[in-house]
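Observations on the three-dimensional arrangement
The lines below spell out each chain.
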Amino acid sequence: MFRALAKASPALGPLAAGWAPTMASHQLHVGPPEALLKPLSVPSRLLLGPGPSNLAPRVREASGLPLLGHMHKETFQVMDEIKQGIQYAFQTRNPLTLAVSGSGHYALETALFNLLEPGDSFLVGANGIWGLRAADIGKRIGARVYPMTKEPGGHYTLQEVEEGLAQHKPVLLFLTHGESSTGVLQPLDGYGELCHRFQCLLLVDAVASLGGAPIHMDQQGIDVLYSGSQKVLNSPPGTSLISFSSRAERKVCARRTKPFSFSMDVRLLANLWACDRKPRMYHHTTPVVGLYSLRESLALLAEQGLESSWQRHREASAYLHSRLQGLGLQLFVRDPAARLPTITAVAVPAGYDWRDMVSYIMDHFGIEIAGGLGPSVGKVLRIGLLGCNASRENVDRVAEALKEALQHCPRNKL
Ligand SMILES: *Cc1c(COP(=O)(O)O)cnc(C)c1O
């Protein structure tokens, strides 16, 4: 077999001789890939899409620290500090607050796997991709899913939600605070109270908005809130943040069935994160290095203060909006109060292909911006100003890049 392979790939030459074992009962039939024998090469880019964002320098340094074991007391200390950081960022005193070992989707699944049982009624605000994802996961669980479908660019009023609650009597409502596929900011005041009047829990996705737009979990009566590490927090992707209210905890405890997922069983995670006052037991190996980064991200947010972070995002996005309008571009969300300060959706200008513009800006400026996603594909370009990337300087860079792209990208005469 080895001889056949060596003949088939003469380019391997002496390398091939190196990896073919002489003693083993089986000879290797897959050689070491040539690509892996070259050094890793990664370009430097300004990430102004909807995430990930660039790492804050302090966060990047954290990822070079020595690895500890996932059950070492120093790692537990880091986890305890993360928990406090999440409580601050979410403005909650919920004891059941922790980081999930996975990106934002894993936090969404953690919420749904634990809150929903087969047959439960689940009401979903579906005004962009995230509601569609939540509905998909709800169906996989066997819930009765009722999407309140809305054109991309819109958000839900209290009245619309009340109608949905009255009609479907759901146990859970899903809303997206920062709808990053459309650039919409969903108001949240009053929604928790409304849900509770209907014996419904409120689940909110704040992956794209946490740290960039005000959110007050306890005061807004949000029962489960989650966010991600790689947007405003400027951490690497791979961890996410989640918190459960006491109401949500009661719903989890009252389950008739175990959650389908072992990895995301919140009662097991609660023990790992010392939320249940019992000795911590091994559940899975946490991404220890990712936790260092997340700890540093939350430390930066605590040092800077939530209010000043919100203000920085508000100012940077207002400046971006004025630069975009100065280029003759149209913001996708008409109502200024409903524009998300972290991610801006701008209508694809008439006659242009969004792919040409995105590629032009990547190829000529090393800047990432994005097209639409799900229901907004082909309709918008999306520009993210997330965390340390929310600066006037970056707005100027992306506005210049867009201006050139408008001059050089092909334009169909309509
Ligand atoms: C990015 C994003 C997610 C998904 O997060 P992943 O980290 O890619 O799993 C979920 N919700 C919103 C609003 C997002 O912007």
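Residues numbered from 1 in each chain as written. Predicted model: local features only at pLDDT ≥ 70, side-chain atom pairs only at ≥ 80, totals over all residues. Heavy atoms only, no water.

**Things to note about the packing of aromatic side chains**
Condition: Centres within 6.5 Å are what make two rings of Phe, Tyr or Trp a pair, Trp counting through its six-membered ring; a difference in plane orientation under 30 degrees is then read as stacked, over 60 as edge-to-face, and the rest as tilted. Each ring is checked for a lysine NZ or an arginine CZ that lies within 6 Å of its centre and within 35 degrees of its normal; such an atom marks a charge sitting over the ring.
Within the structure shown, the criterion is met by zero aromatic pairs. The aromatic ring of tyrosine 156 is capped on one face by lysine 150, whose charged end is 5.3 Å from the ring centroid. The ring of tyrosine 319 has arginine 392 sitting right over it, with the charged end atom 3.8 Å from the ring centre.

**Quick notes on the side chain of asparagine 114**
Stated formally: Each helix is a run of H or I in the DSSP string that is no shorter than four residues. Each strand is a run of E no shorter than two, and both are numbered from the N terminus. Any two residues whose heavy atoms approach within 4.5 Å at even a single point are treated as in contact.
Relative to the helices and strands, asparagine 114 is located in helix α5 (residues 104-115). Setting aside residues no more than four positions away along its own chain, asparagine 114 makes contact with Glu109, Val252, Arg255, Pro259, Met264, Asp265 and Val266.

**Observations regarding the nonpolar core**
Stated formally: What makes a nonpolar core is a set of buried Ala, Val, Leu, Ile, Met, Phe, Trp, Tyr and Cys residues whose side-chain atoms join them at distances within 4.5 Å. When a residue's accessible area, from a 1.4 Å probe over protein chains only, is under 20% of the maximum for its type it is buried; when over 50% it is exposed; and in between it is partly exposed.
Grouped together as the largest cluster of nonpolar side chains are 75 residues, with contacts concentrated most on Leu112 and Phe122. The leading source of residues in this core is helix α4 (residues 73-90), at seven residues. If we ignore the near neighbours within four places in the chain, the residues touching leucine 112 are Phe122, Ala134, Ile137, Gly138, Ile141, Leu172 and Leu203. Of all hydrophobic cores here, the second largest spans 29 residues; its members include Val348, Ala390, Val395 and Cys409.

**Overview of the site of the ligand**
The line we're drawing: By convention in this text, a residue qualifies as near a molecule or strand provided that one of its non-hydrogen atoms is within 4 Å of it. Counted as a polar contact is a pair of N or O atoms within 3.5 Å, where, for protein atoms, one must be capable of donating a hydrogen and the other of accepting one, and residues adjacent in sequence contribute only when both atoms are in side chains. Calculation of accessible area relied on Shrake-Rupley with a 1.4 Å probe; when residues are assessed, cover is drawn exclusively from the protein chains displayed.
Around the ligand, the neighbouring residues are Ser103, Gly104, His105, Trp130, Gly178, Ser180, Asp205, Val207, Ala208, Gln230 and Lys231. With respect to the ligand, the side chain of aspartate 205 contributes an N or O atom lying 2.6 Å from a nitrogen atom. Side-chain polar atom of glutamine 230 to an oxygen atom of the ligand: 2.7 Å apart, as the coordinates give it. Taken by itself the ligand offers 380 Å² of open surface, and the protein chains cover 89% of this.

**Details of the pattern of salt bridges**
How we decide: Salt bridge, as applied in this entry: a Lys or Arg side-chain nitrogen positioned within 4 Å of an Asp or Glu carboxyl oxygen.
Applying the stated rule across the entire model yields 13 salt bridges. With a shortest N-O distance of 3.0 Å, aspartate 80 and arginine 280 are connected by a salt bridge. In this pair, aspartate 80 is assigned in helix α4 and arginine 280 in the loop between α10 (266-272) and α11 (288-304), connecting sequence segments 200 residues apart. Salt bridges linked by common partners bring Arg58, Glu81, Arg295, Glu296 and Glu303 together as one network.

**Regarding the sheet that holds strand β5 (residues 172-176)**
For the record, the criterion: When DSSP finds at least two bridges between two strands, those strands are taken to pair. Only C-alpha atoms enter the line fits that serve as axes; for helices the fit covers just the stretch in contact. Angles between N-to-C directions range over 0 to 180 degrees.
Ordered in space as β2-β10-β9-β8-β5-β3-β4, the seven strands form an open sheet in which the pairing is mixed. Taken across any chain shown, the strands that pair with only one partner, and hence form the sheet edges, are β2 (97-100) and β4 (144-149). Each strand of the sheet is rotated relative to its neighbour by a mean of 20 degrees, with strand direction disregarded. Inspection of the sheet shows strand β3 (residues 121-126) paired to β5 by three bridges, in the parallel sense.

**A few points about α5**
The following threshold applies: In a helix, the anticipated span is given by 1.5 Å times the number of residues less one.
For α5, spanning twelve residues, the distance from its first C-alpha to its last is 17 Å, which sits close to the expected 16 Å at 1.5 Å a residue. Of all twelve residues making up α5, nine are buried, and the element is well covered by its neighbours. By the burial criterion, the buried members of α5 are Gly104, Ala107, Leu108, Thr110, Ala111, Leu112, Phe113, Asn114 and Leu115.

**Brief notes about the UniProt feature "binding site: substrate" (unreviewed entry) in the chain**
Cut-off, in case you're wondering: UniProt positions are given in the numbering used here, feature names are shortened, and annotations may be inferred rather than shown by experiment.
Residues annotated by UniProt as "binding site: substrate" (unreviewed entry) correspond here to Arg382. Position of arginine 382 among the secondary structure elements: in strand β14 (residues 380-384). Within the local environment of arginine 382, its side chain forms a polar contact with the backbone oxygen of serine 180, the two atoms lying 2.8 Å apart.

**Remarks on the domain arrangement of the chain**
Formally: For the domain bounds, the source is a domain assignment made automatically or taken from a database. Polar here means any residue outside two lists: the nonpolar Ala, Val, Leu, Ile, Met, Phe, Trp, Tyr, Cys and Pro, and the charged Asp, Glu, Lys and Arg; Gly therefore counts as polar.
Each domain of the chain was delimited in the assignment, giving domain 1 (57-304) and domain 2 (306-408). Just the C-alpha atoms count here: the centres of domain 1 and domain 2 sit 27 Å apart. Facing the 31 residues of domain 1 at the interface are 27 residues of domain 2. Counting the contacts that link domain 1 with domain 2 gives zero salt bridges. Applying the counting rule to domain 1 against domain 2 returns twelve residue pairs in polar contact (both at pLDDT 80 or more). Of all the elements in the fold, those that place two or more residues in the side of domain 1 that touches domain 2 are α4, α6 (129-141), β6 (178-179), β7 (184-185) and α11. Here the side of domain 1 that touches domain 2 gets three residues from one element, more than from any other, and that element is α6. Here the side of domain 1 that touches domain 2 is built from residues that sort into 14 nonpolar, 15 polar and two charged.

**Observations regarding α6**
In a regular helix each residue adds 1.5 Å, so 13 residues correspond to 18 Å; α6 covers 19 Å between its end C-alpha atoms and thus fits that length. Residues of α6 that are buried include every one of Ile129, Trp130, Gly131, Ala134, Ala135, Ile137, Gly138 and Ile141, and no others.

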